[in-house]
Amino acid sequence: MYYFIRSGFAQLLLTAVLALNSGFAASAPKAYIGNFADNTVSVIDTAANKVIATIPVEQGPHGMAISNDGRTVYVTGDGSSSLSIIDTATDRVVKTVEVGKAPNGVALTPDGKLLLVTVYAEDRLAFLDTTTRALVASVAVPKPHTVSISPDGKWAYITSQEPGHFALSVIDLATRAVVRSIPLEKTPRDAEFSYDGKAFYFTEAGVSAVQVLDPASDKIVAEIPAGVSPHFVNVFRAATLGMVVVQGPGEVLLFDPATNREARRIGVGKQPHWLALSGDGKTAYVTNEGSNDISVVDIASGKTTTVGVGKAPRKIVVQQASGQASATGASVSIAGFAFGPQTITVNAGGSVTWSNDDGSPHTVTFKDGSAGVKSLSPGEKFTRVFDRAGTYEYFCSFHPYMTARVMVNAN
Ligand SMILES: [Cu+2]
């Protein structure tokens, strides 16, 4: 009898633990969608495909970016002069920053230290320090619309929409100066570097094809016929095929980046605007500006699920960390006496590999005393698998100011 009661108590404890675990699962990757016409951001739980929060932001949410650790979302208010900064832990705006009139596109540098903001009505590109959240620089660019940064962090390409002088403005991020301008005949729309930086894709108003530019020569090397009004285009790290959002027919066009040939098409909602990919590369999230919803696309099967959001959804970002880790294994680079990224997220069972890309030896020492590495020489690697959910703080015992963490999500 006593044993029986004990057993019942154990079961109660187990239930409590399971409830906690499902709480973790519910906070797995979220998607953030800017609703241009009602000045809100819809938050979707990608596990349930449900809107779990609606966040008021500045007028005309337009450009969006998410930090590498998935903790911060940046949204410009096209009809304002502000940038809203959302903390994804609470799904609230934690700061509104004055950046200049009619801010459009945004992009984070690969190290996450700077956010570049195109300030359309003031003909300039603003640089925001993401730590202090203060503007630190400004570079003149006529009617700047979108901005894309090369994966090596050296260049920013900006679509410049000044009538009669359409161009891609190229900015050297080390000197923060426009170094050249690539003239275009038509108004440039979206423009993106591929994940490996080998190609640069862009679309133009009135042109039914994607332009493929070789960033080494700044020459257009191919065109991908897309149909009426191609808008967003990119080639993501986690997917083998490139993706184009085609507004006229309401489709996602998939293409082979090696040949620039069409692979297939998947129908989505009305007047699709933008696309974000899950970290594992399996699911695309497409905003449908004309039907006030998003299409959740299973890329392998082409099956889509529709989720209603606010009015005129345009941009979308999706938390990447956990999924990306499970697909490719997460990696941390030790360079310049720092761990990068400082927070890396994996799913339980996922691995993290540290590479010493620095000139001196370092350690990976966990505060809880669990398995790390006592000395990692330049060029060496260390991998650890994380089976249990939790936050693992670590540092370098040679240089204790070098601190970082691994966050492990429950599966
Ligand atoms: Cu060190």
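Residues numbered from 1 in each chain as written. Predicted model: local features only at pLDDT ≥ 70, side-chain atom pairs only at ≥ 80, totals over all residues. Heavy atoms only, no water.

A. Layout of the coordination of the copper ion. Taken together, the protein ligands of the copper ion are His-362 (ND1), Cys-396 (SG) and His-399 (ND1), with distances of 1.9 to 2.2 Å. Positions of the donor residues of the copper ion, expressed as sequence spacing, correspond to H-x33-C-x2-H. One end of the pair, His-362, is in strand 33 (residues 362-366); the other, Cys-396, is in the loop between strand 36 (390-395) and strand 37 (403-409), and 34 residues separate them in sequence. For the pair His-362 and Cys-396, one class covers both residues: buried. (Donors = N, O, S within 2.8 Å, 3.2 Å for Na, K, Ca; no water. Helix = DSSP H or I, 4+ residues; strand = E, 2+ residues; numbered from the N terminus. Buried < 20%, exposed > 50% of the residue type's maximum accessible area, 1.4 Å probe, protein only.)

B. Up close: the sheet that holds strand 4 (residues 61-66). Taking strand neighbours across the sheet as the criterion, the 4 strands line up as 4-5-6-7 in an open arrangement whose pairing is antiparallel. What marks the edges here is a single partner per strand, and that holds for strand 4 and strand 7 (92-98). Sheet twist, expressed as the average angle between the axes of neighbouring strands with direction ignored, equals 25°. Summarising the sheet, strand 4 and strand 5 (residues 72-77) pair through 4 bridges and their orientation is antiparallel. (Pairing = 2+ DSSP bridges. Axes fitted to C-alpha atoms, helices over the stretch in contact; angles between N-to-C directions.)

C. Summary view of the pairing of strand 11 (residues 134-140). One ladder, built from 6 bridges, connects strand 10 (residues 124-129) with strand 11; its direction is antiparallel. Bridge pairing links Leu-128 to Leu-135 in strand 11.

D. Structural detail: the nonpolar core. Judged by nonpolar contacts, the single largest core of 27 residues is most densely connected at Met-243, Leu-275, Ile-294 and Ile-316. The set of elements that each furnish at least two residues to this core consists of strand 1 (30-35), strand 21 (242-246), strand 22 (251-256), strand 24 (272-277), strand 25 (283-288), strand 26 (293-298) and strand 28 (313-318). At 4 residues, strand 24 tops the list of elements feeding residues into this core. Here Met-243 is in contact with Phe-232, Val-233, Asn-234, Phe-236, Val-252, Leu-253, Leu-254, Phe-255, Leu-275, Leu-277 and Ile-299, once residues within four sequence places are set aside. The next biggest cluster of nonpolar side chains, apart from the first, holds 22 residues, and it includes Phe-339, Val-352, Val-364 and Tyr-394. (Core = buried A, V, L, I, M, F, W, Y, C linked by side-chain atoms within 4.5 Å. Contact = heavy atoms within 4.5 Å.)

E. Molecular detail of the pattern of salt bridges. Enumeration according to the criterion identifies 8 salt bridges in this entry. Of the charged contacts, one joins Lys-30 and Asp-91 as a salt bridge, the two residues approaching to 2.9 Å between their closest N and O atoms. With Lys-30 in strand 1 and Asp-91 in the loop between strand 6 (82-87) and strand 7, this pair connects stretches of sequence that are 61 residues apart. Residue classification places Lys-30 among the buried residues on the basis of a relative accessible area of 9%. With a closest N to O distance of 2.8 Å, Lys-143 and Asp-123 form a salt bridge. Separated by 20 residues along the polypeptide, Lys-143 in the loop between strand 11 and strand 12 (144-149) and Asp-123 in the loop between strand 9 (114-119) and strand 10 bring together distant segments of the chain. A single salt-bridge network, built from bridges that share partners, covers Glu-251, Glu-262 and Arg-265. (Salt bridge = Lys/Arg side-chain N within 4 Å of Asp/Glu carboxyl O.)

None of the figures reported here should be taken as evidence of function without further support.
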